[in-house]
Amino acid sequence: MKYKLICLDIDGTLLDDEKRLLPDVRDQVGKAAAQGMKIVLGSARMPAGVELIEKELGLKCIKICDAGAYILDGEQCISSRHMPARIMKEIYEEYAEKNHLNMWIFRDRDWYITGTDRYTEREVRIIGYDPRIVDLKERAQQWEKEQTGPSKLLIAADPEKIREIRTGLQTKLSLGVWQEIDAACSAEEFLEIFPRGVDKGSALREVRRRLQIPQKETVAFGDSEVDLSMLEEAGFSVAMGNAPQHVKDRADYVTETNNEAGVARTLEKILSEQELI
């Protein structure tokens, strides 16, 4: 078998737009696992949201959560990274509080929010996990005393506002402000902020190292900007048909959309060892 590891983004890739795991996709991922391939779920979701998909697949998967900041092998955490609590407070004040937006705060297995809105309510319905509402500034003060911080932050808003916030944030990062963090969009309404040097690509590299699987024997599937580092880390990268053009341009192969079971269509070819290029 040419490939030994399959790394799959979840939303927009493994799942269709209705957040459903299509039967054909589930079957083909199962066939890959049955042939000895390691299945890795690489997601910006928190652990509870990734474990939900692992259960639906009916497979034991390695789980890259929080866009790479938290990695699980079964129940065992094999990597956990955090950003300074001070920066969490500063970003909240600069971009969420000023724009009257809520912020999501993830730390390992926990999910905290500064308030509820339609984005939060939708996420709760999808993953079946209720976040805890907290006073972010009090939480930051507590974590500073404990010398810890969040795994990941998320700001949810309409796409135009997200573009505006991201432009401002990227300007600050380019000027050397907040050198401990980086950011990317996992969807047009979601801006993800995570520790510098942590992304899906670095997480996949850590997983490969632990499993002793060469890069050339790795395939990754993704559909968004936050997946680019993961696609670049794989020996063979597959962009979904629903991905933005700049993601497609940087992939080795473009498959059908998530609504057309694109993952299944490409896995069929991989498992039958058909040439994709």
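So, here is what we can say about the structure in this document. Note that this is a predicted model, so its numbers are computed, not measured.

1. Quick word on unusual backbone geometry
Line of reasoning, step 1. One non-glycine residue, Gln-147, lies in the positive phi region at around 55°.
Line of reasoning, step 2. Its location among the elements puts Gln-147 in the loop between helix 6 (136–146) and strand 9 (152–156).
Line of reasoning, step 3. The phi torsion at Gln-212 lies on the positive side, around 55°, for a residue other than glycine.
Line of reasoning, step 4. Along the chain, Gln-212 falls in the loop between helix 8 (200–211) and strand 12 (218–222).

2. Examining the sheet that holds strand 1 (residues 5–8)
Line of reasoning, step 1. Across the sheet, which stays open at both edges, the 8 strands sit in the order 5-4-3-2-1-12-13-14 with mixed pairing between neighbours. Whereas interior strands pair on both sides, the edge strands pair on one side only; in this sheet they are strand 5 (76–80) and strand 14 (253–254).
Line of reasoning, step 2. Where strand 12 and strand 13 (residues 236–239) come together, 4 bridges link them in parallel fashion. Bridged to Gly-222 within strand 13 is Ala-239.
Line of reasoning, step 3. Its contacts with the sheet put helix 8 on strand 1, strand 2 (38–42), strand 3 (62–65), strand 4 (70–73), strand 5 and strand 12, and the angle it makes with strand 3 is roughly 155°.

3. Brief notes about the sheet that holds strand 11 (residues 190–195)
Line of reasoning, step 1. Here we have 6 strands laid out as an open sheet, ordered 8-7-6-9-11-10, and mixed in their pairing. Since the sheet does not close on itself, it has two edges, and those belong to strand 8 (132–133) and strand 10 (181–187), each with one partner.
Line of reasoning, step 2. As paired elements, strand 9 and strand 11 share 4 bridges and run antiparallel to each other. Residue pairing across strands places Ile-155 opposite Leu-191, the latter belonging to strand 11.
Line of reasoning, step 3. Sheet strands touched by helix 4 (residues 85–97): strand 6 (103–107), strand 9, strand 10 and strand 11. Its angle to strand 6, the strand with the most contacts, is close to 165°.
Line of reasoning, step 4. Those strands touched by helix 6 are strand 6, strand 7 (110–113) and strand 8, and its axis lies near 25° from that of strand 6.

4. Looking at the side chain of Ser-237
Line of reasoning, step 1. Tracing the chain through its elements places Ser-237 in strand 13.
Line of reasoning, step 2. If we skip the residues at most four places from it in the chain, Ser-237 touches Ala-220, Leu-231, Arg-250, Ala-251, Asp-252 and Tyr-253.

5. Brief notes about the packing of aromatic side chains
Line of reasoning, step 1. Using the criterion set out here, one finds 10 aromatic pairs in the structure.
Line of reasoning, step 2. Pairing Tyr-119 with Phe-190 gives two aromatic rings, centres 6.5 Å apart and planes at 65°, and the pair type is edge-to-face. You can see Tyr-119 sitting in helix 5 (residues 118–127) and its partner Phe-190 sitting in strand 11, a full 71 residues away along the chain.
Line of reasoning, step 3. Accessibility expressed as a relative area gives 9% for Tyr-119, which makes it buried.
Line of reasoning, step 4. Since its relative accessible area comes to 11%, Phe-190 is described here as buried.
Line of reasoning, step 5. Aromatic pair Phe-236 and Tyr-253: ring centres 6.3 Å apart, planes at 35°, arrangement tilted.

Thresholds, definitions, all that
- Residues numbered from 1 in each chain as written.
- Predicted model: local features only at pLDDT ≥ 70, side-chain atom pairs only at ≥ 80, totals over all residues.
- Heavy atoms only, no water.
- Helix = DSSP H or I, 4+ residues; strand = E, 2+ residues; numbered from the N terminus.
- Pairing = 2+ DSSP bridges.
- Contact = heavy atoms within 4.5 Å.
- Axes fitted to C-alpha atoms, helices over the stretch in contact; angles between N-to-C directions.
- Phe/Tyr/Trp six-rings, centres within 6.5 Å; stacked < 30°, edge-to-face > 60°.
- Buried < 20%, exposed > 50% of the residue type's maximum accessible area, 1.4 Å probe, protein only.

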